[in-house]
Amino acid sequence: MAFILSSPKVLNCEPADEVVKGMRFDKTNKFLASLTRSCLSIWGGKVERVLLAQHIRTNIDGMDGNREVIWKHGSTELAVLTESGSILFYS
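A brief structural summary. (Residues numbered from 1 in each chain as written. Predicted model: local features only at pLDDT ≥ 70, side-chain atom pairs only at ≥ 80, totals over all residues. Heavy atoms only, no water.)

Quick look at the pairing of strand E6 (residues 78-82) now. Among the 5 residues of E6, 5 are classified as buried, and the element is accordingly described as predominantly covered. Alternating positions in E6 separate into two faces, Leu-78, Val-80 and Thr-82 on one and Ala-79 and Leu-81 on the other, with burial throughout. Taken together, the 5 bridges between strand E5 (residues 66-71) and E6 define a ladder with antiparallel strand orientation. Bridged to Trp-71 within E6 is Leu-78. Once E5 ends, the chain turns through 6 residues before running back antiparallel as E6, passing Ser-75 with a positive phi of about 60 degrees. As consecutive antiparallel partners, E6 and strand E7 (residues 87-90) are separated by 4 residues, and within that stretch Gly-85 has a phi angle of approximately 100 degrees, a positive value. (Buried < 20%, exposed > 50% of the residue type's maximum accessible area, 1.4 Å probe, protein only. Helix = DSSP H or I, 4+ residues; strand = E, 2+ residues; numbered from the N terminus. Pairing = 2+ DSSP bridges.)

Right, here's the structure in full:
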């Protein structure tokens, strides 16, 4: 059984009009990656989440959007799978 001890935290993702497509913790649960159609955000911390980095793809109009995010085992790199099957690597 789980007991909730505090109120929920709200993390603001940009652009605000896009729906969050995925969220994934790294293996240590120290970092959290959130993904929208055009934006990848990396959050740090355990209790208080802090935005560490954000990458917004500005030329998304003619291209496909993001679909899924995957962490490398050592939490040093991210791979983003796009809707067309392309893989974008971030380190």
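Before going further, it helps to examine the environment of His-73. Along the chain, the position of His-73 falls in the loop between E5 and E6. Overall, the relative accessible area of 61% leaves His-73 in the exposed class. Spatially, the C-alpha atom of His-73 lies 9.7 Å from that of Thr-28, the residues being 45 residues apart in sequence.

Tallied over the full model, the rule gives 2 salt bridges. A salt bridge links Glu-83 to Lys-21; its shortest N-O distance comes to 2.9 Å. Remark: Lys-21 occurs in the segment before strand E1 (22-25) and Glu-83 occurs in the loop between E6 and E7; sequence separation between them is 62 residues. A relative accessible area of 37% means that Glu-83 is categorised as partly exposed. (Salt bridge = Lys/Arg side-chain N within 4 Å of Asp/Glu carboxyl O.)

A few words on the sheet that holds strand E3 (residues 39-44). A sheet is described by the order of its strands in space; here 4 strands give the open sequence E1-E2-E3-E4, paired in antiparallel fashion. The sheet is open, and its two borders are formed by E1 and strand E4 (50-56), each paired with just one other strand. Direction aside, the axes of adjacent strands within the sheet are offset by 15 degrees on average. Alignment of E3 against E4, held across 6 bridges, turns out to be antiparallel. Counterpart to Cys-39 in the pairing with E4 is Ile-56. (Axes fitted to C-alpha atoms, helices over the stretch in contact; angles between N-to-C directions.)

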